[in-house]
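Close look at the chain arrangement
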Amino acid sequence: QVQLVESGGGLVQPGGSLRLSCAASGSIFRISAMGWFREAPGKQRELVATITTAGSTNYVDSVKGRFTISRDNAKNTVYLQMNSLKSEDTAVYYCKASRPQLFGLRPIDYWGQGTQVTVSS
């Protein structure tokens, strides 16, 4: 059974910082690409950042230069450091693990339960 547990969300003022963590159970972490997504009220869930098993990263344009995704394979944990937060960053943030499959099959995705981030003065 794979479980992803996010933590680190909360209320922060504009310009502030938060660090989200996502701890993965099971044996999939080291072979999985990891990602952070967010879903704001009335909007579709969107990709925020991804990191491959080799450490390559990708970000949505709106967070480039402000957010940093990283992973610690020894702790089975992926992080999202969020700096210079804006009100438009307010959303529920979800962690996703994508476990590869053989023979060209699509990866299997696992999701966490989400953590609320609210940026407000």
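You'll find the structure just up there.
Residues numbered from 1 in each chain as written. Predicted model: local features only at pLDDT ≥ 70, side-chain atom pairs only at ≥ 80, totals over all residues. Heavy atoms only, no water.

With the rule as written, the count across this model stands at one disulfide. In this model, Cys-22 is linked to Cys-95 through a disulfide, with the two sulfur atoms separated by 2.1 Å. Taking the sign of the torsion about the S-S bond as the criterion, the disulfide between Cys-22 and Cys-95, at about -80°, is left-handed. Placement of Cys-22 in strand 3 (residues 18-24) and of Cys-95 in strand 9 (residues 91-99) is noted, with a sequence separation of 73 residues between them. Taking relative accessible area as the criterion, Cys-22 reaches 0% and is therefore assigned buried. Classification of Cys-95 by relative accessible area gives buried; the value is 0%. (Disulfide = S-S within 2.5 Å. Helix = DSSP H or I, 4+ residues; strand = E, 2+ residues; numbered from the N terminus. Buried < 20%, exposed > 50% of the residue type's maximum accessible area, 1.4 Å probe, protein only.)

Take the pairing of strand 1 (residues 4-7) next. The alternating pattern of strand 1 places Leu-4 and Glu-6 on a buried face and Val-5 and Ser-7 on a face that is not buried. Note that strand 1 and strand 3 share four bridges and pair antiparallel. Of the residues in strand 3, the one forming a bridge with Leu-4 is Ala-24. (Pairing = 2+ DSSP bridges.)

The antiparallel open sheet is built from four strands, whose spatial order is 1-3-8-7. Of all strands in the sheet, those bounded by a partner on one side alone are strand 1 and strand 7 (67-72). Strand-to-strand, the axes of this sheet are offset by a mean angle of 15°, without reference to chain direction. Here strand 3 pairs with strand 8 (residues 77-82) via six bridges, running antiparallel. Residue Arg-19 lies in a different strand from strand 8, and its bridge partner there is Gln-81. (Axes fitted to C-alpha atoms, helices over the stretch in contact; angles between N-to-C directions.)

Purely geometric numbers; function is a separate question.
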